[in-house]
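What the coordinates show
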Amino acid sequence: MLRVGSKAACMACRNLVSTNMGVRFLVPLQKLHPLSRAIHHRYSGNTNPQRPPHRTAARYFNSMSRLPMRPPKPPPRSGGRSYQQQRNFWVARLAARLLKLRYILLGTAVGGGYTAKKTYEEWKDLLPDFSEYNWVIPDFVWELSEQIDLDKLAKALPEMEEIAKLLPDLDKIGENFTFLKSLLSSGVSLGSEVKGAGLHLLLETSGDPPLKATDSSAAATQDASDKQYKKSSDKEKIDQLQEELLRTQLKYQRMLERLEKENKELRKVVLQKDDKGIHQRKVKKSLIDLYSEVLDILSDYDANYNTQDHLPRVVVVGDQSAGKTSVLEMIAQARIFPRGSGEMMTRSPVKVTLSEGPHHVAMFKDSGREFDLNKEEDLAALRREIELRMRKSVKEGQTVSSETISLSVKGPGIQRMVLVDLPGVISTVTSGMASDTKETIFSISKAYMQNPNAIILCIQDGSVDAERSIVTDLVSQMDPQGKRTIFVLTKVDLAEKNLASPSRIQQIVEGKLFPMKALGYFAVVTGKGSSGESIDSIKDYEEDFFQNSRLLRDGMLKAHQVTTKNLSLAVSDCFWKMVRESVEQQADVFKASRFNLETEWKNNYPRLRELDRNELFEKAKNEILDEVISLSQVTPQHWEAILQKKLWERVSTHVIENIYLPAAQTMDSGTFNTTVDIKLKQWTDKQLPHKALEVAWETLQEEFARFMAEYKGKDQDDIFDKLKEAVKDESIKRHKWNERAMDSLRVIQHNALEDRSITDKPQWDAAIQFMEETLQSRLKDTDSVIRDMVGPDWKQRWLNWKNRTPDQHIRNETKNELERLLKLHDDHTAYLANDEVTTVRKNLEARGVEVDPVLIKDTWHQLYRGHFLQKALAHCNLCKRGFYYYQRHFVDSELECNDVVLFWRIQRMLVITANTLRQQLTNTEVRRLEKNVKEVLDDFGEDMEKKTQLITGRRVQLAEDLKKVREIQEKLEAFIEALHKEK
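In what follows, the accompanying structure is described. (Residues numbered from 1 in each chain as written. Predicted model: local features only at pLDDT ≥ 70, side-chain atom pairs only at ≥ 80, totals over all residues. Heavy atoms only, no water.)

Observations regarding the nonpolar core
Tyr 660, Trp 683, Trp 764, Ile 906 and Val 933 are the most contacted members of the largest nonpolar core, which has 99 residues in total. For this core, the element with the most residues is helix α34 (residues 898-942), which contributes 17 residues. In contact with Trp 683, other than residues within four places in its own chain, are Val 651, His 654, Val 655, Ile 659, Leu 688, Pro 689, Leu 753, Ile 906 and Met 909. Of all hydrophobic cores here, the second largest spans 67 residues; its members include Leu 295, Leu 298, Ile 486 and Leu 597. (Core = buried A, V, L, I, M, F, W, Y, C linked by side-chain atoms within 4.5 Å. Buried < 20%, exposed > 50% of the residue type's maximum accessible area, 1.4 Å probe, protein only. Helix = DSSP H or I, 4+ residues; strand = E, 2+ residues; numbered from the N terminus. Contact = heavy atoms within 4.5 Å.)

Shown next as structure tokens:
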């Protein structure tokens, strides 16, 4: 209350009056800018800008100048002169009083100007920093503010009557002060709520220093108790006090909600303001976004959640279906998580970054799409996306995953913090789950909770028996002192309805039932259990429940321990307190780690760049693509030579053994040609095209590998060997030859083999040379086989001291006997008759050599083969001069060179096939292979696990760690700088 007396002038000059809704300046409203007058009247609650508020206080102040004055009494025994003196003295006193009043008014005006300036500076310091939003206010406003001169403002102070009009309504101040006293006497904890605008403004409205809560509460309680003892019994007194307490709490809660709602709208208007001609500037990242980025980078760097990561998070743990996801949704003010009836829905950790913003939206870390949380279709799409990401993160054969899904949610009035929703703790593994699901969930929860700076939000279902709780034991193991645990009891409405003794809820919230300890205990209601409920309807239901609940009415719960809103405030305060206490220490840890890693790199790799795995992959990718491009630079002659050689190596055995020898050993020209034509057609229809395509594909692979090996011989880093080998194998595995080429290749080969017309002598000579090389190679192979059969000859036995085995001795004797048979019958057929086998065996037995008929036939086969090849080579020499007879179709038994024509047909088929395959390679398959290589590289580039597997080594890991630690340190330093600015 204002007191009239020596402090009247001081109280009169309080020209900055704090009310329960805002601040007023001692400046005539007509002289303020229209925008300023609008803000002034919005906060003052005055709907009429022309009418100054608080006339009651003005009338009270004006009454000070109309105080009654008593006329002086003339002293006794005084005459006319003394009366005149007394009269003059009375007039002088009256003039002095009037002058004193003028001085009071003048001092009030001057002091008011000084106080206005000083109080304005104090008030301005309390305002948040809106420098980032200067672009919202037009430039002429700032120019106008810079032109305001405080000296001129002091001279322009209004007269005494205007000052009196601007003074507050003392009756309203008394009402607010009485409400504040009753609020303090109710025992409401001011904790985080003191930060609210409502209570802060109420304290300023009183005009006096705030009373101590303890003293005012005790005084109010004592006064109330005295009155109640006089009026009614003790029971009625307690009921009335509890009802009064509940009404006071609800009144205070509604006031805070109203102020917060107005604050949201004002912030939204400021953030969305965009006048014409003013271009929006890029708004800096918020403090919580900077911190969330640090956690994301750290999560990628430290996937196993080692002890190096001690940055605070709010870890939400609870039994399955305890309501932890619903609590998180109430804090985020949106139904963002997938829901299910009784089944496990949270299958991997979900990191949710909550921050304030003009629009209620959600966004994933790795996606640019914004989900509007005010639209039901966007909410449904967000829930589907979260469920899809969860199922994708779970590996085959598992039920839960440790891979974190990062999500950010922004909206008006949302408390800033980072929460991690973990899979619910289970007691039994049901059918359809992996056998290790229970242990996996425990290990994930312990990994997050063992962080000494993690805030544990322990969710307990109030509708079930407390003895069934599993999570409380787990939390008590990780935080036995309860220094970073906040306990939340959910489904209190069901608990009050089902429990026979509601005092059990009081025991839980007071921390007397569970062995675990906690910083704070909260009771919340998160809806009626329907998945279609909106957040607003849940809030209304929660408020109505606690308003009518006997838990509050009987004093079992305190007002600051109920509702998810109070929980959100408490968790946010605890989170930021933990961040401020630990973030600089963590920055020092990463600074030291960076120094150690840089020192190791300089000592081990002084001349190499610090390329991480992604940069190394890009370098290897460019090298591989260069090697693939080199395939297109191979000359046609090189391709055809390689293809022709490899194709003949693949088919030569079949040509000699299955076509040439069976036909040539018939010793008949007609039979030879018929047999050759039949066998060539069968070969072309069934085997030859397939063999040709296999040869072409193998040739392409070998050339690709050759180029990669040649490139490796240059300045290539051996760290890419595993990656290149994997890319080559995967590309070849994916590559499939164009099957349509086989049909056209078959026709080409069939036409080439049917042609028998050798047009010139060079072709004839080339065919003879090809035949000679082939027969000599086969003869050499046959001689080698015979030597292995009979063992070393006499020269090798004498010079190299080698002896024949008994089997080789028998083979040698058999060979000698069969050679005598060939000398007697030079034109013998390829097969021995039975009587000839018997004769050979008896001859050998006569010399004491026991031999088997099968051994005789086997030895004869190799011996006759060598004999026939020698005769064929001799015939080939004769055919060198037979082109003239062939061209004129002369028939000469000695110079009828059908075998030469056969080898010419084979040789021509090889040339045409090689040319066809080369065209297909250069025109189609090389490009398809290059496309396959690019696809494989793109797939590997998106698969971080694959890159980690293929690009390995200490050098790679050191560069990776160095890059991540630098990034984390820089982000932490930027966050700390922003944190200090916010303070």
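Remarks on the pairing of strand β7 (residues 405-411)
On a regular strand, each side chain points to the face opposite its neighbour's, so the side chains alternate between the two faces of the sheet. Within β7, five of the seven residues are buried, which leaves the element mostly enclosed by the surrounding structure. Pairing analysis gives seven bridges linking strand β4 (residues 350-356) to β7, with the strands arranged parallel. Within the sheet, the bridge partner assigned to Glu 356 lies in β7 and is Gly 411. Where strand β5 (residues 361-364) meets β7, four bridges bridge the pair, whose relative direction is antiparallel. Among the inter-strand pairings, Ala 362 is bridged to a residue of β7, identified as Val 409. (Pairing = 2+ DSSP bridges.)

Observations concerning the packing of aromatic side chains
What the rule picks out here adds up to 17 aromatic pairs. Where Phe 364 meets Phe 371, the ring centres are 6.0 Å apart and the plane angle is 85°; that geometry is what we call edge-to-face. Judged on exposure class, the residue Phe 364 and its partner Phe 371 are both buried. Centroid distance Phe 770 to Phe 903: 5.8 Å. Interplanar angle 75°. Geometry classified as edge-to-face. A residue pair is termed long-range when its members are at least 10 positions apart, and Phe 770 in helix α28 (residues 761-790) and Phe 903 in helix α34 qualify at 133 residues. Given the relative accessible area of 10%, Phe 770 is considered buried. Residue Phe 903 is classed as buried on the basis of its relative accessible area of 1%. (Phe/Tyr/Trp six-rings, centres within 6.5 Å; stacked < 30°, edge-to-face > 60°.)

Details of the environment of Val 294
Positionally, Val 294 belongs in helix α12 (residues 287-301). In the structure, Val 294 is positioned 676 residues away from Glu 970 in sequence and 9.1 Å away in space, judged by C-alpha atoms.

Considering helix α13 (residues 324-332)
Of all the nine residues making up α13, nine are buried; the element is thus mostly covered by neighbouring parts of the structure. What α13 keeps buried is the set Lys 324, Thr 325, Ser 326, Val 327, Leu 328, Glu 329, Met 330, Ile 331 and Ala 332. Once α13 finishes, Gln 333 follows within two positions and takes phi at roughly 65°, a positive value.

Considering unusual backbone geometry
Although it is not a glycine, Ser 321 sits at a positive phi angle of roughly 65°. With respect to the secondary-structure elements, Ser 321 resides in the loop between β3 (314-318) and α13. The partly exposed category is assigned to Ser 321, whose relative accessible area is 47%.

Details of the pattern of salt bridges
Counted under the stated rule, the structure contains 44 salt bridges. Taking the shortest distance from any N to any O, the salt bridge between Asp 366 and Arg 389 comes out at 3.0 Å. Residue Asp 366 is located in the loop between β5 and β6 (371-372), and its partner Arg 389 is located in helix α14 (residues 376-393); the two are separated by 23 residues in the primary sequence. Here the residues in one salt-bridge network are Arg 594, Glu 598, Glu 610 and Arg 966, joined through shared partners. (Salt bridge = Lys/Arg side-chain N within 4 Å of Asp/Glu carboxyl O.)

Notes on the environment of Leu 245
With respect to the helices and strands, Leu 245 occurs in helix α11 (residues 234-272). Judged by its relative accessible area of 24%, Leu 245 is partly exposed. A C-alpha to C-alpha distance of 9.5 Å links Leu 245 and Gly 555, two positions 310 residues apart in sequence.

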